[in-house]
Amino acid sequence: MSSLSILLQRACLRFALLPVPPLRAPLRHPPPRRPLGLPRRSAMSSVASRLSHIAAAAAASGGAAGESNEPPAAAASGLAQEDDDLSSGMMGYRLPPKEIQDIVDAPPLPVLSFSPNKDKILFLKRRALPPLSDLAKPEEKLAGVRIDGHSNTRSRMSFYTGIGIHKLMGDGTLGPEKEVHGYPEGARINFVTWSQDGRHLSFSVRVDEEDNTSGKLRLWVADVESGEARPLFKSSEIYLNAIFDSFVWVNNSTLLVCTIPLSRGAPPQKPSVPSGPKIQSNETSNVVQVRTFQDLLKDEYDADLFDYYATSQLVLASLDGTVKPIGPPAVYTSIDPSPDDEYLMISSIHRPYSYIVPCGRFPKKVELWTVDGKFIRELCDLPLAEDIPIATSSVRKGKRSIYWRPDKPSMLYWVETQDGGDAKVEVSPRDIVYMENAEPINGEQPEILHKLDLRYAGTSWCDESLALVYESWYKTRKTRTWVVSPDKKDVSPRILFDRSSEDVYSDPGSPMLRRTAMGTYIIAKFKKQDENNYLLLNGMGATPEGNVPFLDLFDINTGSKERIWQSDKEKYYETVVALMSDKTDRELPIEQLKILTSKESKTENTQYYLQIWPEKKQVQITNFPHPYPQLASLYKEMIRYQRKDGVQLTATLYLPPGYDPSKDGPLPCLVWSYPGEFKSKDAAGQVRGSPNEFPGIGATSPLLWLARGFAVLSGPTIPIIGEGDEEANDRYVEQLVASAEAAVEEVVRRGVAHPDKIAVGGHSYGAFMTANLLAHAPHLFCCGIARSGAYNRTLTPFGFQNEDRTLWEATSTYVEMSPFMSANKIKKPILLIHGEQDNNSGTLTMQSDRFFNALKGHGALSRLVILPFESHGYSARESIMHVLWESDRWLQKYCLNGTSKTDSDSVADTENKTLSTSGGGAPREGPEAEGFSSMQRSLL
């Protein structure tokens, strides 16, 4: 076949999909009007969920989609025949075995959202996995943002299908459901938000057009008492612009809305003939090091297109239909009313744009307006930030983290770096936190709240006498909590907690917050009969036996604690979700405490309860069905074992329902993990998680193979430790192999895993791990599954994960850690899967392409599956079902039945030796937080 034919064939194979990520948290608390430390993005655009349901797979070209699998008997025999089309790649989308399909297609649970007064609960209903047709809609990739041009919003956005309102009765039970009604059938609902008094809901509605393109977003409001919904704008020509912020309640009857300018015409047309070459210049010899960001602007046309879609006109809209445009059209990224609703803090970005960094680093202006749109003053105008150092804990120069004090009507606070934003510069202080009134009187200067020697990490506000200021430093894992008195200059700041962030056993918990009359959230104070004031610390309670969440009544003056609630640790895992008794601006009597908790066990899915003091009466308020009853009796155990260097390791072992080791013997086993980076062996060996947590099974979870008779070792800890001045990756491969050896030896010792039928897999950095293990520990695993990984670190030359040395500073580390460089050593079957439109920093689709070519060039038994239109995580039902089919086929053929022709013994002698590296490490493959990601406003 000619090279041209091969290229044409590959191009044809990659043609057809697009993901809408499912929603994440199964519970939402009303978002704080001014959340601390988070941009104002709606929780409705959040990602991930439990499981999903959809009617049927759309038929793919060639008729393969929707085809049923082979009969169970044939499947159990390990795929009776290998058709020619499987090896050539000429095939459509396939479905996994029915036992896996049924779990993935289980109906998703609703998301819960409590009213500001905690007297009503919304059940936000959602669909399951989106169809392929949703993902195949056109999108623009501009400045790190993916845009659906038809709807003028972020592309691939999940949504709700309905809203149910329940009253929370006096005894804690739920009243009957009242459906919000009046919006069009088939509406896609986003950005559901309570008004401050809880009497109205606002949300966006979009309906797909007849040609399957997305309709534009309209803003709707609903009366909570009646459930009746209506469009907010009388004009049918006013649409939301939801590229960045969308809308916010200014008061109980008025919203500030980002709209598409009415004067906007057609989008700019790409010139058929370029006006000149694309030129980037560094004739000033600046040092500019950036990560491998994706979806960046490429030319002036892209910049014009970005302006076209991102530019908004701000509009004040009242419930009575009054509409008032305020301010000029601009690329507004955040709109934030002051707690007293008198001012607006408006953030925007402007030119000059960049071709090497995403929009979160573009020039940024923050202004202060009156609530009716009159300009007061400019808070800052930050220049383009292409030169933020790659070292972890480096930040942008100038003012950052500008927010309203939630305990004051209209006071601002922010932080400014003193080290130029460079974490490698030694200076004291490193950050200074400032405060200032919205309109300073008589030229008063900003007031210093606190000076910090580590990097600022946020503030929790209470009142004029109490605030908690946090600082941390990643390199040392040090974290501190300071007690400050914001308005009492005679009281010196003092350290409350000084600990290691990776020492979970010493975590004291976080203070519970309450809602104020202004709609903000501040630290709640409690009082007992002794009339002293206390905080309520909510902690995860990590212990060597697993997490045991708690509530401690904490005297901030003496440091004394009283445990007033703790999770059951024998059978259940309970957590505190929210404070429900916060309807006062005074100290809360502890006898009137009311909290919302979640409760689950190994076999019982999560339900929500009210805990009511002083009797600590427990009232169940939800009764969700078990999402996958066929696995209700699975076996789960948190196991502990030791690495050869003495580091304690943990993992969660799952066994299929009905498994009897004495009768059934060892099982095929799937090991699925993700390495972590630590500064100490003690911290690396600490237990994280609870043995009693319910095993949530996502759409691509390895736990799905419990239904296929596999044992699953989930999340065995793979600590990469760099103590003292040693970088964690100095011995990456050695520690990786040692951790894997310990895990495999443990499951074999227990008699639950067959030593010749153990497969390994992972996603993203876990895929990187998988490829390295097959290269350097072929004696441990029979095959591997690597999804969306990065395999050649020379393609990420300015750092990866939390590695802050460049390729030229740590060449051997980059090379030795790259499984691409060891492709000639991989002799065990490896399945590579990657989204064709992966937008994650570092994990370009090219990584899997080139790795597969290297494997094939050395005769490795390998397979590459590229999912059209999919990103870093996979979303479309067709894509997910096909990933599961590919994975199941791989496991059945090369793990269960062991049909690989590889001579593993011949590899073992030469490849069992572990390598030593000299590099730095990484906890998570992922895009950097650049300020404008699809961040929800607040979940709790």
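Residues numbered from 1 in each chain as written. Predicted model: local features only at pLDDT ≥ 70, side-chain atom pairs only at ≥ 80, totals over all residues. Heavy atoms only, no water.

1. Concerning the overall build of the chain
Inclusion rule: Helix and strand definitions follow DSSP, with helices as H or I runs of at least four residues and strands as E runs of at least two, each counted in order from the N terminus. Only protein chains enter the area calculation, which uses a 1.4 Å probe; residues under 20% of their type maximum are buried, those over 50% are exposed, and those in between are partly exposed. By definition, residues are in contact when any of their heavy atoms lie within 4.5 Å. Throughout, the Shrake-Rupley method with a 1.4 Å probe supplies accessible areas, and for residues the shown protein chains are the sole cover considered.
What the chain contains, in helices and strands, is 14 helices and 49 strands. The buried share among the 940 residues of the chain stands at 60%. Relative to all contacts within the chain whose residues are 6 or more apart in sequence, the contacts with residues 24 or more apart total 66%. If you sum the accessible surface of the chain, you get close to 36,600 Å²; carbon and sulfur atoms cover 51% of it.

2. Comments concerning the packing of aromatic side chains
Our working definition: Between rings of Phe, Tyr and Trp, where Trp is taken as its six-membered ring, a pair exists when centres lie within 6.5 Å; planes separated by under 30 degrees are stacked, by over 60 edge-to-face, and by other angles tilted. In this scheme, the term charge over a ring applies when either NZ of a lysine or CZ of an arginine sits within 6 Å of the ring centre and within 35 degrees of the ring normal.
Throughout the structure, instances matching the rule amount to 22 aromatic pairs. Ring centres of Tyr-791 and Phe-851 lie 4.5 Å apart, and the angle between their planes is 20°; on these two criteria the pair is classed as stacked. Of this pair, Tyr-791 sits in the loop between strand S47 (783–787) and helix H11 (811–817) while Phe-851 sits in helix H12 (residues 845–857); the two residues are 60 residues apart in sequence, bridging distant segments of the chain. Chaining the aromatic ring pairs together yields one cluster made of Phe-244, Phe-306, Tyr-353 and Phe-362. Just above the ring of Tyr-474 sits the side chain of Arg-477; from NZ or CZ to the centre is 4.0 Å. The cationic tip of Lys-599 hangs over the ring face of Tyr-572; the distance from NZ or CZ to the ring centre is 4.4 Å.

3. Describing unusual backbone geometry
For the bond running from Arg-351 to Pro-352, omega is 10°, close enough to zero to count as cis. The topology assignment puts Pro-352 in the loop between strand S17 (343–349) and strand S18 (364–370). Following Trp-613, the chain continues into Pro-614 via a peptide bond in cis, with omega recorded as 5°. Backbone geometry at Asp-295 places phi at a positive 60°, although glycine is not the residue there. Here Asp-295 shows up in the loop between strand S14 (254–259) and helix H6 (300–310). Taking the relative accessible area as the measure of exposure, Asp-295 reaches 13% and is therefore buried. Even without being glycine, Asp-341 reaches a positive phi, approximately 65°. With respect to the helices and strands, Asp-341 occurs in the loop between strand S16 (323–337) and S17.

4. Quick notes on the sheet that holds strand S13 (residues 247–251)
For the record, the criterion: Here, strands pair whenever DSSP counts at least two bridges between them. To obtain an axis, a line is fitted to C-alpha atoms, over the contacting stretch when the element is a helix, and the angle between two such axes runs from 0 to 180 degrees between their N-to-C directions.
Overall, antiparallel pairing links the 7 strands, which are arranged S13-S14-S15-S16-S17-S18-S19 in an open sheet. A single partner strand is all that each edge strand has here, and the edge strands are S13 and strand S19 (375–382). Taking each pair of neighbouring strands and ignoring which way they run, the sheet shows an average axis angle of 35°. As paired elements, S14 and strand S15 (residues 312–318) share 6 bridges and run antiparallel to each other. Looking across to S15, one finds that Cys-258 is bridged to Leu-314. Along the sheet, H6 contacts S15, S16 and S17; its crossing angle with S16, the most-contacted strand, is approximately 115°.

5. So, the side chain of Arg-156
The criterion, for reference: Within 3.5 Å is the distance limit for a polar contact, defined as a pair of N or O atoms, with the added protein rule that one can donate a hydrogen and the other accept it, and that residues adjacent in sequence qualify only through two side-chain atoms.
Summarising the element assignment, Arg-156 is placed in the loop between strand S6 (153–154) and strand S7 (162–167). A polar atom in the side chain of Arg-156 sits 3.0 Å from the side chain of Gln-837.

6. Digging into the sheet that holds strand S12 (residues 229–231)
Reading across the sheet, the 4 strands line up as S9-S10-S11-S12 and stay open at both edges, with antiparallel pairing between neighbours. Only two strands of the sheet have a single neighbouring strand rather than two, namely strand S9 (188–194) and S12. Between one strand axis and the next, the sheet turns through 30° on average, direction left out of account. By the bridge criterion, 3 bridges tie strand S11 (residues 218–223) to S12 in an arrangement that is antiparallel. When the sheet's bridge partners are listed, Trp-220 is paired in S12 with Pro-231.

7. Observations regarding the environment of Gly-689
With respect to the helices and strands, the residue Gly-689 is situated in the loop between helix H8 (681–684) and strand S44 (711–714). Discounting residues that sit within four places of it in the chain, Gly-689 has contacts with Gly-546, Asn-547 and Met-638.

8. Observations regarding the pattern of salt bridges
Which entries qualify depends on this criterion: By definition, a salt bridge exists where a carboxyl oxygen of Asp or Glu is found within 4 Å of a side-chain nitrogen of Lys or Arg.
Evaluated as defined, the whole model comprises 52 salt bridges. Connected via shared salt-bridge partners are Arg-400, Asp-419, Glu-426, Arg-430, Asp-431 and Arg-455.

9. Structural notes on the pairing of strand S22 (residues 431–437)
Of all 7 residues that make up S22, 6 are buried, and the element is covered over most of its length. Where strand S21 (residues 411–417) and S22 come together, 7 bridges link them in antiparallel fashion. Each residue of the ladder has a partner; that of Met-411, found in S22, is Asn-437. When S22 meets strand S23 (residues 447–452), the two strands line up antiparallel, connected through 5 bridges. From the neighbouring strand, Ile-432 faces S23, where its bridge partner is Lys-451.

10. Quick notes on the packing of helix H9 (residues 732–749) against helix H10 (residues 765–776)
Inclusion rule: Geometric relationships in this document are graded by angle, where less than 35 degrees denotes roughly parallel, more than 145 denotes roughly antiparallel, 65 to 115 denotes roughly perpendicular, and other angles denote oblique.
Interhelical geometry of H9 versus H10 gives an angle of 85° and a closest axis separation of 10 Å. It follows that H9 is roughly perpendicular to H10 by the angle criterion. Here Tyr-732, Val-733, Leu-736, Val-737 and Ala-740 of H9 lie close against H10, whose contacting residues are Tyr-765, Phe-768, Met-769, Asn-772, Leu-773 and His-776.

11. Remarks on the environment of Phe-375
Looking at where Phe-375 falls in the secondary structure, it is placed in strand S19. The spacing of Phe-375 and Gly-327 is 48 residues in sequence and 8.2 Å in space, taken between C-alpha atoms. Ignoring sequence-local partners within four residues, the contact set of Phe-375 consists of Glu-367, Leu-368 and Trp-369.

12. Focus: the pairing of strand S40 (residues 635–642)
One ladder, built from 8 bridges, connects S40 with strand S41 (residues 648–655); its direction is antiparallel. Each bridged residue has a counterpart across the sheet, and for Ile-639 the counterpart in S41 is Ala-651.

13. So, the confidence of the model for the chain
Note: predicted coordinates in regions of low pLDDT should not be interpreted at a detailed level. Stated formally: Confidence of the predictor at the level of single residues is given by pLDDT, which spans 0 to 100.
Across the chain, the average pLDDT comes to 87, with 86% of residues at 70 or higher. Taken as a whole, residues 1–84 scores under 50 in pLDDT and shows 269 contacts with residues more than four places along the chain or in a different chain. Residue range residues 901–940 is modelled with pLDDT below 50. Its contacts to residues more than four positions away, or to other chains, number 140 contacts.

14. Re H9
The periodicity of an α-helix, 3.6 residues per turn, causes residues three or four positions apart to be oriented the same way. What counts here: To estimate how far a helix should reach, multiply one less than its number of residues by 1.5 Å.
Between its terminal C-alpha atoms H9 stretches 26 Å, which fits the 26 Å expected from 18 residues at 1.5 Å a residue. Counting buried positions over the 18 residues of H9 gives 14, a clear majority of the element.

15. Considerations on the nonpolar core
The condition that has to hold: Here, the term nonpolar core denotes a set of buried Ala, Val, Leu, Ile, Met, Phe, Trp, Tyr and Cys residues that are joined through side-chain atoms within 4.5 Å.
Judged by nonpolar contacts, the single largest core of 62 residues is most densely connected at Leu-713, Tyr-732, Leu-773, Phe-781, Leu-832 and Phe-851. Ranked by the residues each element gives to this core, the list is headed by H9, at 9 residues. Each residue touching Leu-773, except ones within four places of it in the same chain, is listed here: Leu-736, Val-737, Ala-740, Val-760, Pro-778 and Phe-781. Listed in part, the 37 residues of the second largest apolar core include Tyr-654, Leu-706, Trp-890 and Cys-895.

16. Section: helix H13 (residues 877–896)
Taking burial as the measure, the 20 residues of H13 include 19 buried ones, the bulk of the element. At the exit of H13 stands Gly-898, carrying a positive phi of roughly 55°.

17. Comments concerning the environment of Glu-637
Relative to the assigned elements, Glu-637 resides in strand S40. It is 9.6 Å that separates the C-alpha atoms of Glu-637 and Ser-690, two residues lying 53 residues apart in sequence. Apart from residues lying up to four places away in sequence, Glu-637 is in contact with Ala-651, Thr-652, Leu-653 and Arg-750. Of note is the side chain of Glu-637, whose polar atom sits 3.2 Å from the side chain of Arg-750.

18. A word on the side chain of Thr-153
Residue placement: Thr-153 occurs in strand S6. Aside from chain neighbours lying at most four places away, what touches Thr-153 is Arg-146, Ile-147, Asp-148, Leu-217, Ala-242 and Ile-243.

19. Section: the state of the cysteines
In plain terms, the rule: Two cysteine sulfurs form what is called a disulfide whenever their separation falls within 2.5 Å.
In this structure the tally under the stated criterion is 0 disulfides. No disulfide involves Cys-669; its sulfur sits 7.9 Å from the nearest other cysteine sulfur, which is in Cys-895. For Cys-669, a relative accessible area of 0% translates into the label buried. Cys-895 carries a free sulfur, and the closest cysteine sulfur to it, the one in Cys-782, is 3.7 Å from it. By relative accessible area, Cys-895 is classed as buried at 0%.

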